[in-house]
Structure formats: structure tokens, C-alpha cells
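Spelled out from the first residue to the last, the chains are:
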Amino acid sequence: MLTWDEFIGFALSATLLWVGGAFAAFRSTEFSKKAFALTCTGLCIYAAFIICFWISLQRPPLRTQGETRLWYSFFLMLCGLLTYRRWHYRWILPLSTLLTLVFVIMNLMNPEQHDRSLMPALQSYWFVPHVTVYIFAYAVFGCAFLLALAGVIKHTGRYQPTIDRLTCIGLAFLTFGMLSGALWAKEAWGYFWSWDPKETWAAVTWSIYLLYLHLRLYGKPRHQKWNVLLLATGFLCMQMCWYGVNYLPSAQNSMHVYT
Amino acid sequence: MKKATLYRYWGTYFAVALGCQLTFGKCQIAFFAFPVNAALLLLGVTSLWILHKEKPQSAGYLVLSAPATTFLLLGITFVSCLLMGLGTLLTPDSWWTVFTLIALLAHLLIVIYRGMCRKRAHKLRFALTHIGLLLALGGGMAGSADTHEWRILVTKDQPTRQAFDRHGKSILLKDSMQLQTFDIAYHPDGTPQSYNAQVIIGDKSATLKVNHPCTLSWTDNLYLTDYEHVPANEQPHYCVLQLVKEPWKYALWTGIWMLIAGCVLLFTQGIPALPKKGGDETC
């Protein structure tokens, strides 16, 4: 039986491969097959842990903050890899590896109790799509933010079309996550939307990315710094929606506090 | 239209919103119950259609249809939600929120009228996302006055018809309810794994469990919300049911699924293309 104690072994080997892939991508001026293969292998190892952990727990590992961090680090690396494969930006793999490492280290530093119990409210067919789609959207937005950051550091607008495409994909997933949550809430609590703190922060995140997309579509093409500011604010709001909201006094009565 | 003029219009509108907020406090949502909400919706939809067809050069139309209005209203929505999220005095039933939602709905409606009359790329996606959002927001806002919730304490001892709202006011239900059986299973750590209640409603029996409400009528759903917490070897003697009456849920449901379909298209088709500017009106 696989337990959380085995995570360190999987995390270390995956991380080493990701760091190797990041170096290979950064050193190469063109698309590096070596970087792609190393990152891909690291992802397979990480995915193997998630699958085995899922089987071992006999429930989807999506209940605790640590379990969502596990998915986020996996999806962030996956998004980084797909972006690298599609657009060949050598910056994206080092940056996504760095951000992924933060979440892997957080999981290693804060071991949690992972038991098989899943409260009745979470026993729904909406549970897996709602949470995984949300976390995937967060990872895509994280990737868009990293690219925007790289654009500012390098004083270039070259990444802007990719940032727009990523934000568009992230918004599609975020909207699906939010709406699947609304449909689930109707089945569980009787209301589609009840302005619970988590829902309110989801609306905050959604509205800022919606504003970004409309500004990019219908606004003036100048003001790149405004775009970066909006993406940075969106990224911060996303962090608040994911776990920051738990530290607010209003969250004590939230229906989204499960652990 | 000059931006200064546009901001003057919206400045006046939101000054009125702030004035209402400071003068009246919370909005009395109950005043807008059916048929007031339906009449206001019909009036809004019709008058904006007339504005779109007959006065497309009027200041009101230009203000409502300007891209700057989209940015402004989305910005205000973001700030309003942020203030609510930070737990400030702003609440969903405040006048400020009501004014913001009305402005958003009016703008959305004008954008839909204009967008559907123009030739544009990905028109289906545009229609699904925008009409879906309009139905979800409009259905939620207009329907909030007609949405009611009651709690019912259902015991094994005797049937009850009494239900209480959140203010403690009671009503009598059409059918009586009585708890027949309550089955509960526990995890090894003592936390509940699953539970369900067999309840007799009128002369019929229904099983209620979390995430599986019982449909009583086209407007009413019954939910299992709580039960008597007893030691693992005992069975609860009562449970608490929640009756939710929401006649507008179909508008919300339709809007949500339209938005989901629009999101699938947004993902598969990629970044939206800009609509052609002017001269392409087809209706």
C-alpha cells in the first residue's frame, strides 16, 4: 500500500528530472528533445504517485489542501511542458519548474493526515471534474503569469499572443469549474450560488480574467504593463480563492471548509 | 462618443446607486417578487430592443454599447466582489450590487442584440456565452425575490406539516412528513461515511440523502440537511429537511449549460476573433 511517506521518493526523482529538463531547455536556443523527454519522464513518475495514492486511499486525492497542491504541481508542469512543446519558449520550463518546486516543498514541509474518509457532501459525480478542472485552470493561469513575468524581465511583447491563448484556455476551464460547482451546489445545498466566501473569491478571480480578455480583445494594444498588472492581480486572487480564503474570518462559516 | 461623456453618464448612475445605498441601506428584495420582477424584465428587454432598433445613435445606446462600458462594468464587478470577499459592509442584497447587476444585464442585452445582428466569427460561441450569462445572471437576480427556504423537523414519533423560514415564521405544508427510517454508516475514525433518510411524504415514501434531493413539484425540492447526532450503535430519531422553492431555477439551469457549451467552444476554437466594425447589420 502506498502512503504519503513514499511521496518524498517520487517527488525527489521527479524534481531532479524537471530541473534537468529546465536546464536543458534553458541552454538550448531551439526546442530541446532532451528537455522534453526529461520533463515528460518526471511527469510520468509524479502521475504514477497520484494514481497509486488514489488507489491506496480508495477515494480521489482531492480533499485536503496538500492533495490539491499535488494536482497543482502536476498540472503546472504539464502546462509548462505543453507550452514549451507548442511555442518553444526556453524560459517557460525553468519558470514552471521553479513554481512547481515551491508547491512540492510546501507539501514536503507540511505533511497532512491522509485517510480514506470522504464526507458525504463530497460523494458526488461533480467532485472530481469540479476540483481537477479548477486546479488545471489555476495551473494555466500560473503559466500565463510566468510568461508575462518573463516578458517584463526581457522587455519584450513576444509572449503576448501565447499569454492571451493561455488565459483564454484558463478562463474556459475556470468557468466550467465555477459552473459545475454551481450545479453541484444546487444538488447539495439547494442553491446555485450563495455568496459563500469561496464563491465570492471565485467571482473575483473570474471577473478579473474576464476583464483582461475583453481588454485584450477590444482595448487598445498599448499598455503592456496594465496587462501584466491584471495578470498579477488575477494570479493573487486565484491564490486567495484556492487557499487564502481559509485565513479570512468570514471563512469560519464557509460551506467549503472540509478539512 | 467621448470617454468623458461616457464616464459622466456612468458616474451619475453609480452616484445614484451610492445614494440609494446610503439612504435606504439594504434593498428590499421581497418587493420585486412575481409579477413585479417579470414585468420589469419584460419592460427592460422590450425598451432596450426599441432603443437598439430605433435609436442606435442616441447617447443612451452609445453609452450602453461602448467597449469602455464593458471594461468599466467588469472593473466595478471585480471591485464589488473583492469588497464582498474581504467581508466589508457590501452584501449581495445591497443597492450598490443591485445597480451593478442591472447595468451589467442592460449592457449584456445590448451587446447580444448588436452581436446577433452582425456578421461575426464564432457567432454560436458568442451567443452561447453571452445569452447563457444573461440567463444565469438575470434568472438569479430576478428569481431571488421568489426563492424561499424552510426547515422541517421530521421525527419518527408523529407526522408534521409545520415548516419554518430563517426568521422563525412558520407555514403549513400541503403534505405531512414523517421519518420512517434513518440509516447511517461510519468510517473507522467515527466520522459519518453515508446516511439516508426514508421519509413518508403524504402517502408516498421517499429516500433522501446528501447530493440527492427529492423533487416535490416543478418549483420545490426537498433536501436532507441535518440529523440527530447519536452514538454509532443508535439510530437518530429525527432529521432536519430543507424545502427550497425556486421557480426561476430553469432559467439559471439553461444559462449555466449554455455557458458550459460556450466554454467548450472557447477551449476548442481558441482566442475569439474581433467582430467586423460597423456596416454589417443583418437585422
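Here the structure is a predicted model, which means the values were calculated and not measured.

**Some details on the overall build of chain B**
Piece 1. In terms of helices and strands, chain B carries seven helices and eight strands.
Piece 2. A compact globule built from 283 residues would reach a C-alpha radius of gyration of about 19 Å, whereas chain B, at 24 Å, exceeds it by more than 25%.
Piece 3. With respect to the three principal axes, the spread of C-alpha positions in chain B is 75 × 50 × 40 Å.
Piece 4. Scored against the burial criterion, the 283 residues of chain B give a buried share of 29%.
Piece 5. Sequence separation of 24 or more characterises 60% of the internal contacts of chain B that already satisfy a separation of 6 or more.

**Observations regarding helix H7 (residues 249-269) of chain B**
Residues and elements named next belong to chain B.
Piece 1. With 21 residues, H7 extends 30 Å between its outermost C-alpha atoms, agreeing within 8% with the 30 Å of an ideal straight helix rising 1.5 Å per residue.
Piece 2. Buried within H7 we find Lys-249, Leu-252, Gly-255, Ile-256, Met-258, Leu-259, Gly-262, Cys-263 and Leu-266.
Piece 3. Positive backbone phi, approximately 85°, marks Gly-270, located one or two places after H7.

**Some words on the environment of Ser-94 of chain B**
Residues and elements named next belong to chain B.
Piece 1. Note that Ser-94 resides in the loop between helix H4 (67-85) and helix H5 (95-117).
Piece 2. A residue is classified by how many C-beta atoms lie within 10 Å of it, and Ser-94, with 21 of them, is buried.
Piece 3. C-alpha of Ser-94 to C-alpha of Ala-17: the two residues are 77 residues apart in sequence and 9.5 Å apart in space.

**Focus: the UniProt feature "transmembrane region" (unreviewed entry) in chain A**
Residue and element names in this part refer to chain A.
Piece 1. The UniProt record annotates "transmembrane region" (unreviewed entry) at residues 6-26, 35-57, 91-111, 131-153, 165-185, 200-219 and 226-245.
Piece 2. Counted over residues 91-111, helix gives 86% and strand 0%. Its end C-alpha atoms are 31 Å apart.
Piece 3. Between the C-alpha atoms that bound residues 165-185 there is a distance of 30 Å. The span itself is 100% helix and 0% strand.

**Remarks on the domain arrangement of chain A**
All names here are of chain A.
Piece 1. In terms of domains, chain A is made up of domain 1 (1-71 + 87-114) and domain 2 (121-250).
Piece 2. Taking only C-alpha atoms into account, the centre of domain 1 sits 22 Å from that of domain 2.
Piece 3. Across the contact, 13 residues belong to domain 1 and 14 residues belong to domain 2.
Piece 4. Breaking the side of domain 1 that touches domain 2 down by element, the ones donating at least two residues are helix H3 (65-87) and helix H4 (92-109).
Piece 5. Taken together, the residues of the side of domain 1 that touches domain 2 break down into nine nonpolar, three polar and one charged.

**What to know about the nonpolar core**
Piece 1. Residues Phe-75, Ala-139, Val-140 and Ala-144 of chain A are the most contacted members of the largest nonpolar core, which totals 144 residues.
Piece 2. For Phe-75 of chain A, the contacting residues outside a window of four places in its chain are Ile-135, Phe-136 and Ala-139 of chain A.

**Topic: the confidence of the model for chain B**
Piece 1. Residue-level pLDDT values for chain B average 91, and 96% of them are 70 or greater.
Piece 2. Interface scoring of the predicted complex returns ipTM 0.93; its pTM is 0.91.

**Quick look at the interface of chain B and chain A**
Piece 1. Contacts between chain B and chain A engage 39 residues on the former and 40 residues on the latter.
Piece 2. Among the elements of the structure, H4, strand E4 (192-201), strand E7 (220-227), strand E8 (238-245) and H7 of chain B are those that each provide at least two residues to the side of chain B that touches chain A.
Piece 3. Per-element tally for the side of chain B that touches chain A: the top contributor is H4 of chain B, with eleven residues.
Piece 4. Among the residues forming the side of chain B that touches chain A, the class breakdown is 24 nonpolar, 13 polar and two charged.

**Regarding the domain arrangement of chain B**
Piece 1. Looking at chain B, the domain boundaries give domain 1 (3-146 + 248-269) and domain 2 (148-245).
Piece 2. On a C-alpha basis, the centres of domain 1 of chain B and domain 2 of chain B stand 37 Å from each other.

**Quick look at the packing of helix H1 (residues 3-24) of chain B against H5 of chain B**
For any two helices packed against each other, the geometry comes down to the angle between their axes and how far apart the axes lie.
All names here are of chain B.
Piece 1. Between H1 and H5, whose axes approach to 8 Å, the crossing angle comes to 150°. The angle between the axes of H1 and H5 places the two elements in the roughly antiparallel class. When you trace H1 past H5, the crossing you get is right-handed. Packed against H1, whose contacting residues are Tyr-13, Phe-14, Ala-17, Leu-18, Cys-20, Gln-21 and Phe-24, the element H5 presents Trp-95, Trp-96, Phe-99 and Ala-103 at the interface.
Piece 2. Looking at the contact of H1 with H5, its residues break down into ten nonpolar, one polar and no charged.

**Considerations on the packing of H4 of chain A against helix H5 (residues 127-153) of chain A**
All names here are of chain A.
Piece 1. Closest axis-to-axis distance for the H4/H5 pair is 10 Å, and the angle between their directions is 125°. It follows from the interaxial angle that H4 and H5 lie oblique. In this structure, H4 meets H5 at a crossing whose hand is right-handed. Two secondary-structure elements touch here, H4 through Ile-92, Leu-95, Ser-96 and Leu-99 and H5 through Gly-142, Cys-143, Leu-146, Leu-147 and Ala-150.
Piece 2. The class makeup of the residues in the contact of H4 with H5 is seven nonpolar, two polar and no charged.

**Some words on the UniProt feature "transmembrane region" (unreviewed entry) in chain B**
Residues and elements named next belong to chain B.
Piece 1. The UniProt record marks residues 7-24, 30-51, 63-89, 95-114 and 250-268 with the feature "transmembrane region" (unreviewed entry), using the residue numbering of this structure.
Piece 2. Secondary structure content for residues 30-51 is 73% helix and 0% strand, while the C-alpha to C-alpha distance between its ends is 29 Å.
Piece 3. With 81% helix and 0% strand, residues 63-89 has its two end C-alpha atoms placed 30 Å apart.

**Describing the environment of Ala-11 of chain A**
All names here are of chain A.
Piece 1. In this structure, Ala-11 sits in helix H1 (residues 7-27).
Piece 2. Residue classification places Ala-11 among the buried positions, given that 21 C-beta atoms sit within 10 Å.
Piece 3. Once the C-alpha coordinates of Ala-11 and Gly-42 are considered, the two residues, 31 residues apart in sequence, prove to be 8.8 Å apart.
Piece 4. Apart from residues lying up to four places away in sequence, Ala-11 is in contact with Val-104 and Leu-108.

Quick notes on the rules
- Residues numbered from 1 in each chain as written.
- Chains lettered and ligands numbered in written order.
- Predicted model: local features only at pLDDT ≥ 70, side-chain atom pairs only at ≥ 80, totals over all residues.
- Helix = DSSP H or I, 4+ residues; strand = E, 2+ residues; numbered from the N terminus.
- Rg over C-alpha atoms; globule rule 2.2 N^0.38 Å.
- Buried ≥ 20, exposed ≤ 12 C-beta atoms within 10 Å, placed from the backbone.
- Contact = placed C-beta atoms within 7 Å.
- Expected span 1.5 Å × (residues − 1).
- UniProt positions renumbered as here; feature names shortened; annotations may be inferred.
- Domains from an automatic or database assignment.
- Nonpolar A, V, L, I, M, F, W, Y, C, P; charged D, E, K, R; others polar.
- Core = buried A, V, L, I, M, F, W, Y, C linked by C-beta atoms within 7 Å.
- pLDDT = per-residue confidence, 0-100.
- Axes fitted to C-alpha atoms, helices over the stretch in contact; angles between N-to-C directions.
- Parallel < 35°, antiparallel > 145°, perpendicular 65-115°, else oblique.
- Left-handed = near helix turned anticlockwise from the far one by under 90°.

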